[in-house]
There are 2 protein chains.
Amino acid sequence: MTPSAQAGSSTPTLAVVGGGQLARMMAQAAVGLGVPLRLLAEGEGVSAAQVVPDTTVGDYRDLETLREVARGCAVVTFDHEHVPPPHLEALAAEGHACRPGPSALVHAQDKGVMRARLDEIGVPSPRHAIVADPAAVSAFADSVGGFPVVLKTTRGGYDGKGVWVVGSPEEATDVFGLADDVATAGSRMLAEELVDFRRELSALVARSPSGQVAAYPVVESVQKDGICWEVTAPAPDLSESLALQAQQVAMRVAAELDVTGILAVEMFETRAGEVLVNELAMRPHNTGHWSIDGAVTSQFENHLRAVLDLPLGSPAPRQRWTVMVNILGGDHGRLSEDLYAAYPHTFARDPFLRVHLYGKDVKPGRKVGHVTAYGDDLDEVRERARHAAAWFRGDLGEESE
Amino acid sequence: MTPSAQAGSSTPTLAVVGGGQLARMMAQAAVGLGVPLRLLAEGEGVSAAQVVPDTTVGDYRDLETLREVARGCAVVTFDHEHVPPPHLEALAAEGHACRPGPSALVHAQDKGVMRARLDEIGVPSPRHAIVADPAAVSAFADSVGGFPVVLKTTRGGYDGKGVWVVGSPEEATDVFGLADDVATAGSRMLAEELVDFRRELSALVARSPSGQVAAYPVVESVQKDGICWEVTAPAPDLSESLALQAQQVAMRVAAELDVTGILAVEMFETRAGEVLVNELAMRPHNTGHWSIDGAVTSQFENHLRAVLDLPLGSPAPRQRWTVMVNILGGDHGRLSEDLYAAYPHTFARDPFLRVHLYGKDVKPGRKVGHVTAYGDDLDEVRERARHAAAWFRGDLGEESE
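Residues numbered from 1 in each chain as written. Chains lettered and ligands numbered in written order. Predicted model: local features only at pLDDT ≥ 70, side-chain atom pairs only at ≥ 80, totals over all residues. Heavy atoms only, no water.

A. Looking closely at the relation of the copies chain A and chain B. For the pair chain A and chain B, the best superposition has an RMSD of 0.0 Å and corresponds to a rotation of 180° with a translation of 0.0 Å parallel to the axis. Here the two chains are linked by the operation of a two-fold rotation axis. Taking C-alpha positions as reference, the residue of chain A nearest the rotation axis is P53(A), located at 2.1 Å. Comparing interface residues between copies, 98% of those in chain A also sit at the interface in chain B, which points to an isologous, same-surface contact. (Least-squares fit on C-alpha atoms with pLDDT ≥ 70 in both. Contact = heavy atoms within 4.5 Å.)

Put into structure tokens, the structure is as follows:
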């Protein structure tokens, strides 16, 4: 395997760990940059493996596998945050730059570590405590005005899994019984106040090892059942000062935690007009998918440019409004299983629609693609994106056999 | 090899013959559409083969190889126009839709056939004649006001090869001696008047088997030594009526010749304010590369949508001006061989710049990438694109070892 597709060139090969849709969309951006990727995929034919010839199928928890994939690659980056930090330390010691690095990634791997670090640097979060048992949950609830409170496993949760709202000491006890199904090794239980938020915001930044930062416009995200459903860029009716504050929080976190690549900071906008950090992700993020069609430089290209320490591209939006709606696997008969069958209607109805399918089998609730619409009139843009996503899901349209 | 990446889906696999940069950029668009490609490449590691896992290396002139690649693919499309028509007829007879089909492609393969057909449907071309020998060239020259005239091999020419401007009967005799180096089987010699043109225009349309057509804005193209150098979209100072006429010519040719996919019609705008058809290409075309970053739907995505008979995307431009400049291999030392080394300067200077590298080895005059700039001020947009392309070529910048 040659490290570069172009003879006489300094072009690096970039190792990407994880074969999901984020790696797939990184691969699409890498085609334009002329940067070859080497992929470590979880299985044959997973989303990114369909579009990256140089793919190894193997287990990211196995150091030898990681070493094999990283061989000849100066830089290693990630589709997810699950690679064990000791393995990343080993790769780093052997001369591979891991971006983001293990000391940054631990904050995306462990919500307890993340909360402690945000406290340390003075970035506001919901009130929280590590709780060892149901009694500690009740004590925490007392300190924040009573139940309900939120319980989270510090490790292993995703897309709403590993997060519970509990209304009583009894429910807290039940959750302690459930948590083992989600939590991974070293996980603790984190209690948080249930924030009475106006909405959820997300601030994305790309940061390079040299310290350059590009801050995307702050977006509004709507979640259903803990899964990202719809994103509007920029967040409507967001005051300039709060937008700036959200961007500054993201830049601050990126710098303090030495994040390289994309950092997504999910926040609550409270009814009191504050922003509280909810979650961190250190990779391209669902709340940044709008940028493929809506921004000058997509989050995927800027992730690649950042981890390769190339100057970043402009994160500026290309038009007034962009709305992204996820295509989640539905449970509505033939149409919802056959995404391709949604093209004739959705494309004919809206020649300006942008569609991204991930090559994944459709299962209820699974992220299998997204649609993007953009334009000057937010209501119209939203209607177009929502209609298309609903058609792909099978919530609209023919129910024929 | 499964025909679809998504279980329970009607997603077709699309066969693409030819592994150059056009197939590479089709592959990039196919990632978003979720359509798997199967590629027939000329060699290991060629431009598109770097980004398409399902690649067969083989000879497109071999029918068995074509059959193997087409197996399980309902539709076959092309990176170039060189597949022998009898092979395409055979594939079609075996149930593979070739798009464009052999009866259309012959007009892009043979300039003599093309000129005769354009005459038949009344589409204006430069005056022309098939010439069997140098004496016939002199007779043709007499009929159009004397030398110089243009001589072209009807088959086998590309990027300025197979085209000569001859100023005398002696030069015509020389060209008849040279032509065998370029011409392919069945080639004849075509004489054309040397048009006193104001500039070159290009009109691109995407056309589907169902007959839907999307017409891109007419662009101005600048050639150097017969190779596309710079494209401005839309063509500046083009009257609305001439733009419409150029689009109508392209739509007419697409319909009459039953072209499916992208058709590029290169034209001369004469000083008298007419458009004369120069060349046809039945595939995504260099004069349409601006559309990746500059239009709602790129020519590559619309080529795929057209050959799959999906509704076409809007070809509308996303801003006032888009300028694309080719990166041609230079001959200027280290920098010009190492395209990646041009990133720090070009990206830092212009965060809005779009760059597309093709993963090809740099050779003088070879198309190895392109850059695109867009914005409201044409002079500024042009300067940005030209500067970046010059830097990649090595015509600017450090000449360090």
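Next comes the rest of the write-up.
B. How the structure looks around the domain arrangement of chain A. Residues and elements named next belong to chain A. Under the domain assignment used here, chain A contains domain 1 (14-98), domain 2 (127-193) and domain 3 (197-393). Using only C-alpha atoms to locate each centre, domain 2 and domain 3 end up separated by 28 Å. Counting residues at the interface gives four residues for domain 2 and six residues for domain 3. Both sides together, the interface formed by domain 2 and domain 3 hides about 340 Å², and carbon and sulfur atoms give 35% of it. (Domains from an automatic or database assignment. Buried area = accessible area lost by both parts, 1.4 Å probe.)

C. Seen up close, the UniProt feature "domain: ATP-grasp" (unreviewed entry) in chain A. Sequence positions flagged by UniProt for "domain: ATP-grasp" (unreviewed entry) are, in local numbering, residues 115-308 of chain A. The annotated region residues 115-308 of chain A carries 29% helix and 32% strand content, and the separation between its end C-alpha atoms amounts to 29 Å. (UniProt positions renumbered as here; feature names shortened; annotations may be inferred. Helix = DSSP H or I, 4+ residues; strand = E, 2+ residues; numbered from the N terminus.)

D. Representation of the UniProt feature "binding site: ATP" (unreviewed entry) in chain A in the model. Residue and element names in this part refer to chain A. Taking the UniProt record as the reference, the feature "binding site: ATP" (unreviewed entry) is found at K111, K152, E192, E193, L194, V195, E200, N278 and E279. Within the secondary structure, L194 is located in the loop between β9 (189-193) and β10 (197-207). A residue is classified by how much of its surface remains accessible, and L194, at 42% relative accessible area, is partly exposed. Setting aside chain neighbours within four positions, we find L194 in contact with P148, V149, V150 and V165. Locating E200 in the fold gives a position in strand β10. E200 has contacts with V219, E220, S221, Q223, M267, F268 and N278, leaving out every residue within four places of it along the chain. (Buried < 20%, exposed > 50% of the residue type's maximum accessible area, 1.4 Å probe, protein only.)

E. Examining the environment of P84(B) more closely. All names here are of chain B. Within the fold, P84 resides in the loop between β4 (75-78) and α3 (85-93). Spatially, the C-alpha atom of P84 lies 8.3 Å from that of P102, the residues being 18 residues apart in sequence. Setting aside chain neighbours within four positions, we find P84 in contact with Y60 and R61.

F. Quick look at the pattern of salt bridges. For the structure shown, the criterion picks out 58 salt bridges over all chains. A salt bridge links R117(B) to E256(B), with the nearest nitrogen and oxygen atoms 3.8 Å apart. Of this pair, R117(B) sits in helix α5 (residues 111-120) while E256(B) is found in helix α8 (residues 240-256), placing the two residues 139 residues apart along the sequence. Several salt bridges converge on common partners, so that one network encompasses K111(A), R115(A), K152(A), E192(A) and E279(A). (Salt bridge = Lys/Arg side-chain N within 4 Å of Asp/Glu carboxyl O.)

G. Examining helix α13 (residues 378-393) of chain B more closely. All names here are of chain B. A rise of 1.5 Å per residue sets the reference length of α13, with its 16 residues, at 22 Å; its end C-alpha atoms lie 22 Å apart and thus fit the reference within 8%. In terms of burial, α13 is a largely internal element, twelve of the 16 residues being buried. For α13, the full list of buried residues reads L378, V381, R382, R384, A385, H387, A388, A389, A390, W391, F392 and R393. The N-cap of α13, judged by a side-chain oxygen 3.0 Å from the amide nitrogen of D379 a few residues on, is D377. (Expected span 1.5 Å × (residues − 1). Polar contact = N/O pair within 3.5 Å; in protein donor to acceptor, adjacent residues only side chain to side chain.)

H. Just the sheet that holds β9(A), in detail. Residue and element names in this part refer to chain A. Spatial strand order, β6-β9-β7-β8: four strands in an open sheet with antiparallel pairing. Each of the sheet's edge strands pairs with one partner strand only, and the pair in question is β6 (128-131) and β8 (163-166). Sheet twist, expressed as the mean angle between neighbouring strand axes with direction ignored, is 25°. Bridge count between strand β7 (residues 149-153) and β8: four bridges; the pairing is antiparallel. In the strand pairing of β8, V150 is matched with V165. Most of the contacts of helix α7 (residues 169-178) go to β8, to which it runs at about 165°, and overall it touches β6, β7, β8 and β9. (Pairing = 2+ DSSP bridges. Axes fitted to C-alpha atoms, helices over the stretch in contact; angles between N-to-C directions.)

I. Just the interface of chain A and chain B, in detail. Taken together, the contacts link 56 residues of chain A with 55 residues of chain B. Both faces considered, chain A and chain B share a buried interface measuring about 4,500 Å² in area, 51% of it formed by carbon and sulfur atoms. At the surface where chain A touches chain B, the tally comes to two salt bridges. In this structure, E301(B) engages R354(A) in a salt bridge whose closest nitrogen and oxygen atoms are separated by 2.7 Å.

J. Examining the sheet that holds strand β7 (residues 149-153) of chain B more closely. Residue and element names in this part refer to chain B. Overall, antiparallel pairing links the four strands, which are arranged β6-β9-β7-β8 in an open sheet. The open sheet has two free edges, formed respectively by β6 (128-131) and β8 (163-166), since each of these has just one partner strand. Here the average twist between neighbouring strands, direction ignored, is 25°. In this structure, β6 lies alongside strand β9 (residues 189-193), joined through four bridges in antiparallel fashion. Among the inter-strand pairings, V131 is bridged to a residue of β9, identified as M189. Against the sheet, helix α6 (residues 134-143) makes contact with β6, β7 and β9, and its axis sits at roughly 165° relative to β6, the strand it touches most.

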